[in-house]
Number of protein chains: 2
Amino acid sequence: MIYLDNAATTQMDAKVIDYMHELMHNHYGNPSSIHAYGRQAKVLVENARTKISSLLNVFPAEIFFTSGGTEGINTIINGVLCKPEITKVITSPIEHSAMLNSIKHYSKLYDVELCMLAIDDKGNINLKELATELENHDGKSLVSLMHANNEIGTLLSIKKVGEICKKSNALFLSDTVQTIGKFKNDFSAGYPDFAIGSAHKFHGPKGIGFIYINGNTKVDPIFIGTQERNMRAGTENIFSIAAMAKAMEIAYENMNLVTKKYAELKSYLLEKIKSEIGDIAYNGDIDGLPNLINIAIPKTSSNEMLLMKFDIAGVMVSGGSACSSGALKDSHVIEALGKADKYRAIRIAFSKYTTTEEIDKFIDVLKKSI
Amino acid sequence: MIYLDNAATTQMDAKVIDYMHELMHNHYGNPSSIHAYGRQAKVLVENARTKISSLLNVFPAEIFFTSGGTEGINTIINGVLCKPEITKVITSPIEHSAMLNSIKHYSKLYDVELCMLAIDDKGNINLKELATELENHDGKSLVSLMHANNEIGTLLSIKKVGEICKKSNALFLSDTVQTIGKFKNDFSAGYPDFAIGSAHKFHGPKGIGFIYINGNTKVDPIFIGTQERNMRAGTENIFSIAAMAKAMEIAYENMNLVTKKYAELKSYLLEKIKSEIGDIAYNGDIDGLPNLINIAIPKTSSNEMLLMKFDIAGVMVSGGSACSSGALKDSHVIEALGKADKYRAIRIAFSKYTTTEEIDKFIDVLKKSI
């Protein structure tokens, strides 16, 4: 079986599994308990917080643990939009569906103006349009733009957007789920104000993530209670929190090697497509996320079952985000690019375990299927 | 080290750890992916749902996975109180702080009347007061009353409260976090409408739980997306979901033996207190939760550091709920019983691993400390 769907989720690193296994055997306190086992559990949580914050070059107090990316998104969107001073939210139509759902829901609940930026044919926003939207608004805004698109890989300059937001005193959330563990994100410059991480995207466990909240900014929690300094109620998932920090540490240790590997795999894939299949279109920016390519295959009646053919051949790729694939409709990202009518999308996302032999197999199936 | 704080959290069962370890090595698909690994992950999730629903004698479609008890509580409270037809919420002052926080927050957000029932000296509500409150209200109500109190063990009759609620067409949420895996709760009679489970209370992993929602009732999600049939967005925590079902299965298999053990441990503890210490007061109902006793020690200046003395002696007990212990103030439950001024509370909660030798050691420390 060949797994090329690493933007949806990744295999847990064996070292992370073994670490988590050992913790589960040797710890079980509730970090809120004041006795010895409680304190030991608290140390696990705080060491993980220190580790993650140091990798992002921020303060430990700026990291809060969640049950994953979606909870992180909802926490920030609710926690910011509920503030009376926030009167506008600016985003783009190709954000992750979790983000768009959350923005639509909470902007309606709190009566906040919603502005969708235009995107170009590669999924880039226009920075001038963003600046104009911010300048023309009297109140305070939240800008939500993802660092790397999970379907088409297109990257955003957090620096450029951050500077525009700072100039207009707007808050800036960047969904960094696809880039944590792939780039050495450094949030010490003061932007974004909020960022999101999800461990299962970087070979950590599912069901755990974190949010970064700039220390100068306060948001209201969704779950009210004492844990996570009043920001996230609920007994801490100590094993997964520690395992996430371990997975992130491993990702940083291996980052140079893995980035090099991604570049080799990507150029191998692009070369192979050129030599074996010929000219082909791509969705988004092929120079974007280093481990991701989204191929645009012209729709014909004979390639309707394209993804199923890959599945039968034991090659796992996807048409878009896994999170909306249950819906069996065209990806909202490909639709927003204006390409859903004419093209079928195939997303290939490598991991550190991907091999060129696996790419050969993918090419074989692609040749036979289009 | 002696751990007698099993109402705060429990040690993971070694069989559950090993099962989870094996799953982490052999699975990693995203259940929303339509390819083979996605489908395998989906099977893990659906098998867990079927297992848990069958233990509770309800339909699989009535079980939804969450990141734990607090998320479950917030999902139900928000999801019910946001409905315009719900105009009153009735609860008691000794619910878990997560419940009280959530009810206070969402009743204010959605402008819903909040009614606190009176409690007697053991923490029981008055069923007649509940019936009167429901009858005297023209609109539809939500009643939230926990099955077993996590600090003092006092039990509620879900049947009696359920019947009163049915008569007035009120919705009934019971926080069953302390009783899942301890009693064979059967929700097929049609009440409660909502119940909550948290795996780390029954030797499962932290960071995972479930909600039961009666199939005739609909609530709005907090995190909007396609997963969990649109009820809970976010990639499913497949390992922990499967491990929770395993832990619950083990709890049911061993329930008769463990219940017998709890009864023996409790009567051993009560006898020992009587013979070694003498007359002592208890908070709540000593015939309540089978694994829990809450002792009321008269406050003196010399026993201010009571819990610390236990900690130093390597005996882990608590003064109340772990979730509010960070706050270092008297428990809201003991306060609501009117006992906080005069007594210090010590909660002892056994697990299946507790031994009479551990109770002897607890008695030793208690004798020296009060």
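These notes cover the structure that comes with them. The structure displayed is predicted, hence computed values, not measured ones.

Parameters at a glance
- Residue indices begin from 1 for each chain and proceed along its sequence in written order.
- To label them, take the chains in the order written and letter them from A, then take the ligands in the order written and number them from 1.
- pLDDT decides what is reported in this predicted model: residues at 70 or higher carry local features, side-chain atom pairs at 80 or more are listed and counted, and totals for whole chains, interfaces and linings draw on all residues regardless.
- Side-chain metrics in this entry use all non-hydrogen atoms of the structure; hydrogen atoms and water are not considered.
- Runs of H or I in DSSP of at least four residues are treated as helices and runs of E of at least two as strands, each being numbered from the N terminus.
- Our radius of gyration is a C-alpha quantity, and the globule rule it is checked against amounts to 2.2 Å times the number of residues to the power 0.38.
- We call a residue buried when its accessible area falls under 20% of the maximum for its residue type, exposed when it is over 50%, and partly exposed in between, using a 1.4 Å probe and counting protein chains only.
- Any two residues having at least one pair of non-hydrogen atoms within 4.5 Å are treated as being in contact.
- The accessible surface values rely on the Shrake-Rupley method and a 1.4 Å probe; as for residues, cover is taken only from the protein chains in view.
- Lys and Arg are tallied as positive, Asp and Glu as negative. Neither His nor the chain termini are counted.
- A charged residue contributes its charge at one atom only: NZ of Lys, CZ of Arg, CG of Asp or CD of Glu.
- In short, DSSP must find at least two bridges between two strands for them to pair.
- We call a set of buried Ala, Val, Leu, Ile, Met, Phe, Trp, Tyr and Cys residues a nonpolar core when their side-chain atoms join them within 4.5 Å.
- Helix span, expected: 1.5 Å multiplied by one less than the number of residues in the helix.
- Each C-beta atom gives one direction from the helix axis, and the arc is the one those directions make.
- Here the copies are matched by least squares. The fit uses the C-alpha atoms of residues with pLDDT of at least 70 in both.
- Should a side-chain nitrogen of Lys or Arg be within 4 Å of a carboxyl oxygen of Asp or Glu, the pair is scored as a salt bridge.
- Under this definition, polar contacts are N or O atom pairs within 3.5 Å; protein pairs additionally need one hydrogen-donor-capable and one acceptor-capable atom, and for neighbouring residues in sequence, both atoms have to be side-chain atoms.
- Under the scheme applied here, ten amino acids are nonpolar (Ala, Val, Leu, Ile, Met, Phe, Trp, Tyr, Cys and Pro), four are charged (Asp, Glu, Lys and Arg), and all others, including Gly, are polar.
- Note on method: axes are straight lines fitted to C-alpha atoms, helices fitted across the in-contact stretch only, with angles between N-to-C directions ranging 0 to 180 degrees.
- Every angle not falling under 35 degrees, over 145, or within 65 to 115 is termed oblique; those three ranges are roughly parallel, roughly antiparallel and roughly perpendicular.
- Note on convention: the crossing is left-handed when the near helix lies turned anticlockwise from the far helix by less than a right angle, right-handed when the turn is clockwise.

A word on the overall build of chain A
If you tally the helices and strands in chain A, you get 11 helices and 12 strands. Relative to its length of 370 residues, chain A is compact, with a C-alpha radius of gyration of 21 Å against a globular reference of 21 Å. Counting only C-alpha atoms and orienting by the principal axes, one finds that chain A spans roughly 60 × 55 × 35 Å. Relative to its 370 residues, chain A shows a buried fraction of 63%. Restricting the contact set of chain A to residue pairs at least 6 apart, pairs at least 24 apart contribute 75%. Accessible area for chain A stands at about 13900 Å²; split by element, carbon and sulfur atoms hold 51% of it. The average position of the 40 basic charges and that of the 42 acidic charges among the side chains of chain A differ by 2 Å.

Notes on the pairing of strand 5 (residues 140–144) of chain B
A regular strand carries its side chains on alternate faces of the sheet. Residues and elements named next belong to chain B. Of all the 5 residues making up strand 5, 4 are buried; the element is thus mostly covered by neighbouring parts of the structure. Note: strand 3 (residues 86–91) against strand 5, 4 bridges, orientation parallel. In the strand pairing of strand 5, Val 89 is matched with Leu 142. In this structure, strand 5 lies alongside strand 6 (residues 171–174), joined through 3 bridges in parallel fashion. Along strand 6, the bridge assignment pairs Leu 142 with Leu 171.

Description of the nonpolar core
Core analysis: the largest hydrophobic core is formed by 122 residues, its most contacted members being Leu 56, Leu 130 and Val 143 of chain A together with Leu 56, Leu 130 and Val 143 of chain B. Excluding residues within four positions of it along the chain, Leu 130 of chain A makes contact with Ile 90, Leu 117, Ile 125, Val 143, Leu 145, Val 161 and Ile 164 of chain A. Judged by nonpolar contacts, the second largest core, of 52 residues, contains Leu 171 and Ile 196 of chain A together with Ile 77 and Val 112 of chain B.

Regarding helix 12 (residues 356–369) of chain B
All names here are of chain B. Between its first and last C-alpha, helix 12 extends 20 Å over 14 residues, near the 20 Å set by a 1.5 Å rise per residue. Restricting attention to buried positions, one finds in helix 12 the residues Glu 358, Ile 359, Phe 362, Ile 363, Val 365, Leu 366 and Ser 369. Buried residues of helix 12, seen end-on, are gathered within an arc of 165° and therefore sit on one face of the element. Opposite the buried face of helix 12, by more than 90 degrees, sit the exposed residues Glu 357 and Lys 368. Those residues of helix 12 that are buried lie in contact with strand 1 (2–3), helix 9 (255–277), strand 10 (292–298), helix 10 (306–312), strand 11 (315–316) and strand 12 (343–349).

Details of the relation of the copies chain A and chain B
Each copy superposes on the other: chain A lies on chain B with an RMSD of 0.0 Å after a rotation of 180° and an axial shift of 0.0 Å. When the rotation and shift are considered jointly, the pair of chain copies conforms to a two-fold rotation axis.

What about the interface of chain A and chain B?
Between chain A and chain B, the contact holds 59 residues from the first and 59 residues from the second. Taking the shortest distance from any N to any O, the salt bridge between Asp 311 of chain B and Arg 39 of chain A comes out at 2.5 Å. If you look at where chain A meets chain B, you find 20 residue pairs in polar contact (both at pLDDT 80 or more). Elements supplying a minimum of two residues to the side of chain A that touches chain B: helix 1 (14–26), helix 2 (36–55), helix 3 (69–81), helix 4 (97–109), helix 7 (238–253) and helix 9 (306–312) of chain A. Ranked by residue count, the leading element in the side of chain A that touches chain B is helix 1 of chain A, at 7 residues. Along the lines of polarity and charge, the residues of the side of chain A that touches chain B split into 26 nonpolar, 25 polar and 8 charged.

So, the packing of helix 3 of chain A against helix 4 of chain A
Residues and elements named next belong to chain A. Remark: helix 3 packs on helix 4, axes separated minimally by 9 Å, with the N-to-C direction vectors making an angle of 25°. When the axis of helix 3 is compared with that of helix 4, the two are roughly parallel. Our pair here, helix 3 against helix 4, has a crossing hand that is right-handed. Seen from helix 3, the contacting residues are Thr 70, Ile 73, Asn 74, Ile 77, Asn 78 and Leu 81; seen from helix 4, they are Ala 98, Met 99, Ser 102, Ile 103, Tyr 106 and Ser 107.

Some points on helix 4 of chain A
Residues and elements named next belong to chain A. A rise of 1.5 Å per residue sets the reference length of helix 4, with its 13 residues, at 18 Å; its end C-alpha atoms lie 18 Å apart and thus fit the reference within 8%. Residues Ser 97, Ala 98, Met 99, Leu 100, Ser 102, Ile 103, Tyr 106 and Ser 107 constitute the buried set of helix 4. Looking at the packing, one finds that the buried side of helix 4 touches helix 3, strand 3 (86–91), strand 4 (113–116), strand 5 (140–144), strand 6 (171–174) and helix 10 (332–336). Once helix 4 finishes, Asp 111 follows within two positions and takes phi at roughly 60°, a positive value.

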